[in-house]
Amino acid sequence: CDFNSMSPSLLTCYNLLNRTSRSFSAVIQALDGELRNAVCIFYLVLRALDTVEDDMTIPIDIKIPMLKSFYKNLQDPDWKYMDSKDKDRCVLENFQCISKEFRELEEMYRDVISDICQKMGLGMTEILVKKVDTMADWDQYCHYVAGLVGIGLARLFSTSGLEEPIVGQDTQLANDLGLFLQKTNIIRDYLEDYNDKRIFWPKVAWSKYAADVGDFSKVENQEQAVKCLNELITNALELIPSSLRFMGRLKNQSVFNFVAIPQVMAIATLERCYNNPKVFTGVVKIRKGEAVRMMLGATSIERVKAIMRHFTLQIIEKIPNDDPNSAKTRAVCQKSLELT
Ligand SMILES: CC(C)(C)CN1C(=O)[C@@H](CC(=O)N[C@@H](CC(=O)O)C(=O)O)O[C@H](c2cccc3ccccc23)c2cc(Cl)ccc21
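About the thresholds
- Residues numbered from 1 in each chain as written.
- Predicted model: local features only at pLDDT ≥ 70, side-chain atom pairs only at ≥ 80, totals over all residues.
- Heavy atoms only, no water.
- Helix = DSSP H or I, 4+ residues; strand = E, 2+ residues; numbered from the N terminus.
- Buried < 20%, exposed > 50% of the residue type's maximum accessible area, 1.4 Å probe, protein only.
- Areas by Shrake-Rupley, 256 points an atom, 1.4 Å probe, with all protein chains shown as cover.
- Lys, Arg positive; Asp, Glu negative; His and termini not counted.
- Charge placed at Lys NZ, Arg CZ, Asp CG, Glu CD.
- Expected span 1.5 Å × (residues − 1).
- Contact = heavy atoms within 4.5 Å.
- Core = buried A, V, L, I, M, F, W, Y, C linked by side-chain atoms within 4.5 Å.
- Near = heavy atom within 4 Å.
- Polar contact = N/O pair within 3.5 Å; in protein donor to acceptor, adjacent residues only side chain to side chain.
- Nonpolar A, V, L, I, M, F, W, Y, C, P; charged D, E, K, R; others polar.
- Phe/Tyr/Trp six-rings, centres within 6.5 Å; stacked < 30°, edge-to-face > 60°.

Colleague: A description of the overall build of the protein should follow, citing residues and the corresponding values.
Modeller: A count of helical and extended segments in the protein gives 18 helices and 0 strands. Counting only C-alpha atoms and orienting by the principal axes, one finds that the protein spans roughly 60 × 45 × 35 Å. Looking at the protein residue by residue over its 340 residues, the buried ones come to 56%. Looking at the protein as shown, the accessible area adds up to about 15,100 Å², and 51% of this sits on carbon and sulfur atoms. Each charge class in the protein was averaged separately, 42 positive and 45 negative side chains, and the resulting centres sit 3 Å apart.

Written as structure tokens, this is what we have:
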């Protein structure tokens, strides 16, 4: 980026980006042309919306109207929020810079970002009061917080002209991209979320293995916990074909890198979590060095297929014969292997 030619408010936006997403901000700044600022602003607006939703100090009767009307703040030069205690509150305190740069984007980008913001804010009010009981509830929750992000990004890619119209039109594939990332986050973050009294593991799954989802954090229930873990990972792995089909359509190198890096980080995380009881005693994270190596490697569909193949074979190696979902997991992995 040419920081010298940036306005003070745009400089503030890139500074906020670097503060709110450590390793990912570089990938956004590497995006070509008009996509760079559009995705930077989209990322920050989503981070602001997520910070409101996450802030437990905001009473629910204040939070619901805040989320429903959040997209209107994009048009309000005076709007900011100074009462958040969240670690990412800087995006709410500096929202005037973000909305100013939003209003300087071309209308076609503003329409996408505002539309996704409105749908996500409305969806968040629904998930604030609803529990994740069925697998359909799980997909709905992930659609609101991540699937819509994929749909919005895909529309920005096509709108910029750097990608074909089909990329932005095929909302199912774009939605699945987000579901893959969010389901991986939910699976990995079991203990962190449970300690925050937040349950995102679907009840229809955990109730087969325990009376209460919190039972998984007790070492005596470890065997049952791992069976539930493996079931949810198998469900997430079903999204790999969609992910590969979406990435197979991308023509622009900077867009490909931007999409591929979180996808390969997710498959590596799922492989690390599979059949791993450590998920219930801490957060299973990919080591930085391994992450950097993957980020540098995920630069073509052939390389990404090779990475997906590598981790899929690793998972197959770990499938316990007595796991209730072993046949399904093998079948899902086999389908991925045929595509890679
Ligand atoms: C919840 C989430 C997965 C949507 C968050 N999300 C992502 O996770 C980021 C990655 C990220 O922020 N990594 C952080 C992780 C962290 O903070 O710990 C990092 O610093 O490495 O990537 C996604 C993201 C990137 C590329 C394509 C996507 C398609 C569908 C949905 C999301 C897509 C993202 C793109 C945008 Cl525009 C906004 C948010 C996200």
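Colleague: If you had to explain helix 7 (residues 107–129) to someone new, which residues and values would you point to?
Modeller: Relative to the 33 Å expected for 23 residues at 1.5 Å per residue, helix 7 spans 34 Å between its end C-alpha atoms, a close match to the ideal helical length. Buried residues of helix 7: Tyr109, Val112, Ile113, Ser114, Ile116, Cys117, Met120, Gly121, Gly123, Met124, Thr125 and Ile127, and no others. Looking at the buried positions of helix 7, the neighbouring elements they touch are helix 3 (33–54), helix 4 (60–68), helix 6 (95–103) and helix 8 (135–159).

Colleague: Before we move on, can you summarise unusual backbone geometry with the specific residues and values?
Modeller: Unlike most non-glycine residues, Lys197 shows phi in positive territory, near 60 degrees. A relative accessible area of 74% means that Lys197 is categorised as exposed. If you check the backbone angles, Asn275 has positive phi at about 60 degrees while not being a glycine. Structurally, the position occupied by Asn275 is in the loop between helix 15 (253–273) and helix 16 (288–297).

Colleague: Describe the nonpolar core, and please don't skip the residues or the numbers.
Modeller: Proteins that are soluble and globular tend to have nonpolar side chains buried together. Of all hydrophobic cores here, the largest spans 123 residues; its most connected members are Phe70, Trp201, Phe216, Phe246 and Phe258. Not counting residues within four places of it along the chain, the set of residues in contact with Phe70 comprises Val45, Ala48, Leu49, Val52, Trp79, Leu92, Phe95 and Cys117.

Colleague: Let's hear about the site of the ligand: which residues, and what values?
Modeller: Near the ligand, the surroundings consist of 19 residues, among which Arg22, Ser23, Tyr43, Gly150 and Gln182 are the closest. A distance of 2.9 Å separates an oxygen atom of the ligand from a polar atom in the side chain of Arg22. Here an oxygen atom of the ligand sits 2.8 Å away from a polar atom, N or O, in the side chain of Ser23. When the ligand is considered free in solution it has 750 Å² of accessible area, and contact with the protein chains removes 81% of it. Those elements giving two or more residues to the shell around the ligand turn out to be helix 3, helix 8, helix 10 (171–188) and helix 15. When residues in the shell around the ligand are grouped by element, the largest group, 5 residues, is from helix 8. Among the residues making up the shell around the ligand, the classes are represented as 12 nonpolar, 5 polar and 2 charged.

Colleague: Before we move on, can you summarise the packing of aromatic side chains with the specific residues and values?
Modeller: Under the defined criterion, the tally for this structure stands at 15 aromatic pairs. Ring centres of Tyr141 and Phe200 lie 5.0 Å apart, and the angle between their planes is 25 degrees; this geometry places the pair in the stacked category. Separated by 59 residues along the polypeptide, Tyr141 in helix 8 and Phe200 in the loop between helix 11 (190–195) and helix 12 (203–206) bring together distant segments of the chain. Measuring from ring centre to ring centre gives 5.8 Å for Trp201 and Phe280, while their planes differ by 75 degrees; the resulting arrangement is edge-to-face. Of this pair, Trp201 sits in the loop between helix 11 and helix 12 while Phe280 sits in the loop between helix 15 and helix 16, and the two are 79 residues apart along the sequence. A relative accessible area of 4% places Phe280 in the buried class. Every member of this aromatic cluster is reached through a ring pair, and the members are Tyr190, Tyr194, Trp201, Phe216 and Phe280.

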